[in-house]
Amino acid sequence: MKEYLKKVKGFWVSDTSFPALLVMLIFTVFILPVIIEYQNDATFFLNFMLILLFFIGIFSAKEKAYIILTGFLLVTHISLRLIRFGDNPFDFYLLERIVAILNLIALIVVNILLLFRDNEVNFYRIIGSINVYLLVAMIGAFGFEIIQLSTGESIIGEDVSLEGMDVDFGEYIYYSLTCISTLGFGDIFPANFSAKMLSTFLSALGILYPAVVIAKLVSYASKENT
């Protein structure tokens, strides 16, 4: 068992783990919302994918402090899920989303550390930068959901109908992606000032992130060629 865990750990801290994480993120961000749209009970897969992503964060972390942090956040997230789906009157859905954002932030930090380690650049590192981009989009989606849960409104649109549960994930991730990619189709709008500021932040980040990351990776490539 110990040898197996060591092999799993070795894979997730290596560059070859980036494509595997990308496949998981593509499914979660682009495919899963479509499935949920046509089959509401498919939100099970959303919960499963989130837990799986956060579990991977533990194996991707190299420093002991990050391992402890990601482990604590994962246990907290699972505990809140069990409370919500258990046979009891308690529901900490807002807290659950806050913990999910903290988990995603931790996963982003871990992936950035892996991305820029050893001052090297390769095909896998480029994929790793895409992973961080999609993780930020997921943070934006949960951010809009937290605003909705806290204020009663976050995004509005002609075809937007929010139920206040996991089934809304498609609407939030769609709007988050249009913000971070600066596409701005115009079919969904921020409903209050908090949502406006989050939309602006994601748009600014969507412009700055590729420029900074590409510049950093190009500088590594230049050093390797000299």
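Quick summary incoming for the structure in this document.

Rules of the game
- Residues numbered from 1 in each chain as written.
- Predicted model: local features only at pLDDT ≥ 70, side-chain atom pairs only at ≥ 80, totals over all residues.
- Heavy atoms only, no water.
- Helix = DSSP H or I, 4+ residues; strand = E, 2+ residues; numbered from the N terminus.
- Rg over C-alpha atoms; globule rule 2.2 N^0.38 Å.
- Contact = heavy atoms within 4.5 Å.
- Areas by Shrake-Rupley, 256 points an atom, 1.4 Å probe, with all protein chains shown as cover.
- Core = buried A, V, L, I, M, F, W, Y, C linked by side-chain atoms within 4.5 Å.
- Buried < 20%, exposed > 50% of the residue type's maximum accessible area, 1.4 Å probe, protein only.

## What about the overall build of the protein chain?
(1) Moving on: Summing up its helical and strand segments, the protein chain has eight helices and two strands in all.
(2) Moving on: Ordering the α and β elements of the protein chain from the N terminus gives α-α-α-α-α-α-β-α-β-α.
(3) Moving on: Against the compact-globule benchmark of 17 Å for 226 residues, the protein chain has a radius of gyration of 18 Å, which places it among compact chains.
(4) Moving on: Structurally, the protein chain occupies a C-alpha span of about 55 × 45 × 30 Å along its principal axes.
(5) Moving on: If you take every contact in the protein chain between residues at least 6 apart in sequence, the share linking residues at least 24 apart comes to 70%.
(6) Moving on: Just so you have it, the protein chain exposes about 11800 Å², and 69% of that area is on carbon and sulfur atoms.

## A closer look at the nonpolar core
(1) Moving on: In this structure, Leu-53, Met-138, Phe-142, Phe-144 and Ile-173 are the most contacted members of the largest nonpolar core, which totals 60 residues.
(2) Moving on: Going through the elements one at a time, α1 (2-12), α2 (17-38), α3 (43-60), α5 (93-115), α6 (123-151), α7 (169-180) and α8 (193-225) are the ones with two or more residues in this core.
(3) Moving on: Counting residues per element, this core draws most heavily on α6, at 13 residues.
(4) Moving on: If we skip the residues at most four places from it in the chain, Met-138 touches Leu-25, Thr-28, Val-29, Leu-50, Leu-53, Leu-104 and Ile-173.

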